[in-house]
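Below, each chain spelled out in residue letters.
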Amino acid sequence: MQNLIYANAALTVVLLAACIVMGLMLRRIRRLFQEIAPVGALTSSRGPQPGDACPPQPFHTLAGGAKPRLVLFVSATCPISRKVIPIARNFCGRENLELVLAGDDAPTIQQHFAQQTNTPAAAFINDPALGRALQVDKLPAAFLFDQQGTLIARGLVNNREHLESLLNAWESGFSTVQTYMQHTRRNRA
């Protein structure tokens, strides 16, 4: 019986030590997450910035014209573009955003790509002037515009988290996750 009491006391001491170690680890992990910024869409300093109006030129979809809310620049030759299109469709459907794909390839290539991705012609802009005006240099690039055509957020996207960071920029008023993190760090200091 005395051995059971000693064993029980030893297990209690081990359990308390494990709880203390877990508490210390939790504190370290919290500190780590405060230092590591969440991943958001990578933005470039070139081109129009959030708050700027959409370039005033008439851009042409494959079927005519449309006023986009989320413009996603893609290419038929980019495997990441092919992967992100269904993610963007799902995201825009859930967030009640209009999705418009954009590119600047030959019209026949774009028509074929639109058919492969089940994209209506009215939701695909094929105009190199738009890419130049927005200074798109890497794909897939996303641009979120409000109802008045003002650029809210922009960035390279390759997953749902990146797309959500664009919407978070709109809701929070910060143009990027990085500016939000800088703001919160300044307020803590």
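That block above? That's the structure.
The rules we used
Residues numbered from 1 in each chain as written. Predicted model: local features only at pLDDT ≥ 70, side-chain atom pairs only at ≥ 80, totals over all residues. Heavy atoms only, no water. Buried < 20%, exposed > 50% of the residue type's maximum accessible area, 1.4 Å probe, protein only. Helix = DSSP H or I, 4+ residues; strand = E, 2+ residues; numbered from the N terminus. Right-handed = clockwise from strand over helix to strand, strands pointing away. Pairing = 2+ DSSP bridges. Core = buried A, V, L, I, M, F, W, Y, C linked by side-chain atoms within 4.5 Å. Contact = heavy atoms within 4.5 Å. Axes fitted to C-alpha atoms, helices over the stretch in contact; angles between N-to-C directions. Polar contact = N/O pair within 3.5 Å; in protein donor to acceptor, adjacent residues only side chain to side chain.

Attention shifts here to the pairing of strand S1 (residues 70-73). With burial as the criterion, each face of S1 is covered, one bearing Leu70 and Leu72 and the other bearing Val71 and Phe73. Regarding the hand of the β-α-β motif, the stretch spanning S1, helix H2 (residues 79-95) and strand S2 (residues 99-103) is right-handed. Bridging between S1 and strand S4 (residues 141-145) involves four bridges; their strand directions are antiparallel. By the bridge assignment, leucine 72 is partnered in S4 with alanine 142.

Bringing the nonpolar core into the picture now. The biggest cluster of nonpolar side chains holds 24 residues, and the ones touching the most others in it are Leu70 and Leu72. Of all the secondary structure elements, the ones that give two or more residues to this core are S1, H2, S2, helix H3 (107-116), S4, strand S5 (151-156) and helix H5 (160-172). Counting residues per element, this core draws most heavily on H2, which supplies five residues. For leucine 72, the contacting residues outside a window of four places in its chain are Val84, Ala88, Leu99, Val100, Leu101, Ala102, Pro140, Ala141, Ala142 and Val157. Of all hydrophobic cores here, the second largest spans 11 residues; its members include Val71, Val100, Leu130 and Ala141.

The next subject is the sheet that holds S2. Strand pairing within a sheet occurs via backbone hydrogen bonds; the two strands may be parallel or antiparallel. Taken in spatial order, the five strands line up as S3-S2-S1-S4-S5 in an open sheet, and their pairing is mixed. On the outer flanks of this sheet lie strand S3 (124-126) and S5, each paired with one strand and no other. The mean angle between the axes of side-by-side strands here comes to 20 degrees, regardless of whether they run parallel or antiparallel. By the bridge criterion, five bridges tie S4 to S5 in an arrangement that is antiparallel.

This part is about the side chain of asparagine 126. Relative to the helices and strands, asparagine 126 resides in strand S3. A polar contact of 3.2 Å, which involves the side chain of asparagine 126, links it to the backbone oxygen of aspartate 105. In this structure the side chain of asparagine 126 is engaged in a polar contact, spanning 3.4 Å, whose partner is the side chain of glutamine 110.

Everything listed here is a matter of geometry and, on its own, says nothing about what the molecule does.
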